[in-house]
Amino acid sequence: MLKKKVIASSINNLTDARYFAGWMVDYIVFHTDPKNPNYTNPQEIGTFQSWVEGPQYFFKLADDQFEQLEKILVDLGGHGVSLPYNKRSLIASFDVQSIMHMTLETFTEGVRNNTLQALNSIVVIENIEDIYNLIEPVKALKSNSAYEGEIFVELPQNPISENWVLSPEIDGFLMHGSPEEKVGFKSFDELDEIFEILQDF
């Protein structure tokens, strides 16, 4: 059991999938755009799902794949989609769970202009260097009774403090998979440090 929710993204090898599932993460995101370097083909997604139980599966689609969104979710056993906030119109006609990515600047502006309070998605704030710049906007958004979403932060590559990870205003974190050093082997030392902070004994 973890103290925060976790999204594992860019998963395209079974080593990553097993690792994150072992930590009982809440969501795994697969890229279904063949042009994306983190692309995972449907056969591999099915294999991962047969090995890994527990997480909800979300997909990052190419723009032209949204026309078949419902079919893709059914065929691949998905629960929702992950997309940039500025492309939210692509799912406007669908009743689907979503993970929406935005910058701190976009998030802060949305809070200030009251355009996010009706957003019930998981929001992932990307490329943030100092989480404390996010605290006040998050407090302001969550004070609005109409808001029912969750705020996640994309973890940076540099080391982070325990206070940073356990900040009460943040609901969870997005972490990224990475290529294997060789088939079936890679180091998870940096991620292990983060998960040890998050672990709820």
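Nothing here was measured: the structure is a model prediction, and the numbers come from that model.

Caption draft 1: Spatial organisation of the packing of aromatic side chains. This structure, assessed with the given rule, holds ten aromatic pairs. With centroids separated by 3.8 Å and ring planes inclined at 5°, the aromatic side chains of Y19 and F188 adopt a geometry described as stacked. Pair noted here: Y19 is in helix α1 (residues 14-22) and F188 is in the loop between β8 (172-176) and α7 (189-198), with a separation of 169 residues, a long-range link. Members of the aromatic cluster, each reached through a chain of ring pairs, are Y19, F20, W23, F188 and F195. R18 extends its terminal NZ or CZ atom over the ring of W51, reaching a point 4.1 Å from the ring centre. Above the face of the Y85 ring, R88 is positioned so that its terminal group lies 3.9 Å from the ring centre.

Caption draft 2: Geometry of the side chain of N13. Mapped onto the elements, N13 comes out in the loop between β1 (5-9) and α1. By relative accessible area, which is 6% here, N13 ends up buried. Sequence-distant contacts of N13, defined by excluding residues within four places in its chain, comprise F48, S178, P179 and E180.

Caption draft 3: Up close: the nonpolar core. By size, the foremost hydrophobic cluster in this structure holds 57 residues, and its most contacted members are F107 and F195. In terms of residue count, the dominant contributor to this core is α7 (five residues). Among all residues touching F195, those that are not within four sequence positions of it are L2, V6, Y19, F20, W23, V25 and M175. Among the nonpolar cores identified, the runner-up in size contains nine residues, and I7, V29, I99 and I122 belong to it.

Caption draft 4: The arrangement of the pattern of salt bridges in detail. As enumerated under the stated definition, the model contains seven salt bridges in all. D75 is the salt-bridge partner of K71, the closest N and O atoms lying 2.5 Å from each other. With K71 and D75 both in helix α3 (residues 69-76) and four residues apart, the pair spans about one turn of that helix. In this structure, the salt-bridge partner of K139 is E169, at a minimum N-O distance of 4.0 Å. One end of the pair, K139, is in helix α5 (residues 132-142); the other, E169, is in the loop between α6 (162-165) and β8, with 30 residues separating them in the sequence. Residue K139 is classed as partly exposed on the basis of its relative accessible area, which comes to 41%. On the basis of relative accessibility, which here comes to 17%, the residue E169 falls in the buried class.

Conventions and cut-offs
Residues numbered from 1 in each chain as written. Predicted model: local features only at pLDDT ≥ 70, side-chain atom pairs only at ≥ 80, totals over all residues. Heavy atoms only, no water. Phe/Tyr/Trp six-rings, centres within 6.5 Å; stacked < 30°, edge-to-face > 60°. Helix = DSSP H or I, 4+ residues; strand = E, 2+ residues; numbered from the N terminus. Lys NZ or Arg CZ within 6 Å of the ring centre and 35° of its normal. Buried < 20%, exposed > 50% of the residue type's maximum accessible area, 1.4 Å probe, protein only. Contact = heavy atoms within 4.5 Å. Core = buried A, V, L, I, M, F, W, Y, C linked by side-chain atoms within 4.5 Å. Salt bridge = Lys/Arg side-chain N within 4 Å of Asp/Glu carboxyl O.

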